[in-house]
Amino acid sequence: MTNKTKSGLGVGLFFFILAVFYFIGSVSIESYNPFGKTGLSSRAVPQTFAILMAVLSLTIIVDSILKAKKEKGSSAEKAKVNRKTTGKLLLAIFLLLVYIFLFNRLGFIISTILYLFAMIYLLLPNKTSRNIVLTALFSIAVSFLIYTIFNKALGLILPAGIFGY
């Protein structure tokens, strides 16, 4: 099994387990129906994301297993753990934990801007100044867009944070 196959399997398992815990956590969200009895409540979006994450992670797992079956003769060099990929995975987990910790303290917008910027920067292959500026602009735009959708369109309140929005 190559490093790419192992990392795909590991990532798939990690996100599947995360999706299960995310779904379990979403059950404890107090149900609020801003649109009446349409079935769309404050639980619907997190539960939909959890199910989507579980399905996508299962596709990664199945893909990794199929690739592992195709690979019969792997050398010892291919079996070495890729330290760079492992380091990025551990850093991504750490950034997620920091995001969770800062979410209620700094609010949705600021913590999401910081998290998106850090994750995209971590995964960027070319860390040029142009890419860094585009990453910052993208993080800001996406955070405000998501906040606007949840707050204005869906009527769901996200943590306001230190600036009150």
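These numbers come from a predicted model, not from an experiment.

Side note on the overall build of the protein chain
- Counting secondary structure elements, the protein chain contains six helices and zero strands.
- In the protein chain, which comprises 165 residues, the proportion classed as buried is 25%.
- Long-range contacts, defined as pairs at least 24 residues apart, comprise 65% of the intrachain contacts of the protein chain with a sequence gap of at least 6.
- Counting every atom, the protein chain has about 11,200 Å² of accessible surface; 72% of that belongs to carbon and sulfur.

Some thoughts on the UniProt feature "transmembrane region" (unreviewed entry) in the protein chain
- UniProt tags residues 7–24, 44–66, 86–102, 108–124 and 131–150 as "transmembrane region" (unreviewed entry).
- With 100% helix and 0% strand, the stretch residues 44–66 has end C-alpha atoms that lie 33 Å from each other.
- Here residues 131–150 runs as 100% helix and 0% strand, with 28 Å between its end C-alpha atoms.

Looking at the packing of aromatic side chains
- Counted according to the given criterion, the structure contains six aromatic pairs.
- Seen in terms of ring centroids, Phe108 and Tyr147 are 6.4 Å apart; in terms of plane orientation they differ by 25 degrees. Their pairing is stacked. With Phe108 in helix α5 (residues 108–123) and Tyr147 in helix α6 (residues 129–153), this residue pair connects regions lying 39 residues apart in the sequence.
- Residues Phe117 and Tyr121 carry aromatic rings whose centres are separated by 6.1 Å and whose planes lie at 15 degrees to one another, so their mutual orientation is stacked. Here Phe117 and its partner Tyr121 are both found in helix α5, four residues apart, which amounts to about one turn of the helix.
- Judged by its relative accessible area of 28%, Phe117 is partly exposed.
- Put simply, the rings of Tyr99, Phe103, Phe108, Tyr115 and Tyr147 touch in pairs and so form one group of aromatic residues.

A closer look at the environment of Gly107
- Here Gly107 shows up in the loop between α4 (83–106) and α5.
- Among the residues examined, Gly107 registers a relative accessible area of 0% and is labelled buried.
- Placed 56 residues apart in sequence, Gly107 and Phe163 show a C-alpha to C-alpha distance of 8.1 Å.
- Contact partners of Gly107, with chain neighbours within four places excluded, come to Leu102, Pro159, Ala160 and Gly161.

Cut-off values and rules
- Residues numbered from 1 in each chain as written.
- Predicted model: local features only at pLDDT ≥ 70, side-chain atom pairs only at ≥ 80, totals over all residues.
- Heavy atoms only, no water.
- Helix = DSSP H or I, 4+ residues; strand = E, 2+ residues; numbered from the N terminus.
- Buried < 20%, exposed > 50% of the residue type's maximum accessible area, 1.4 Å probe, protein only.
- Contact = heavy atoms within 4.5 Å.
- Areas by Shrake-Rupley, 256 points an atom, 1.4 Å probe, with all protein chains shown as cover.
- UniProt positions renumbered as here; feature names shortened; annotations may be inferred.
- Phe/Tyr/Trp six-rings, centres within 6.5 Å; stacked < 30°, edge-to-face > 60°.

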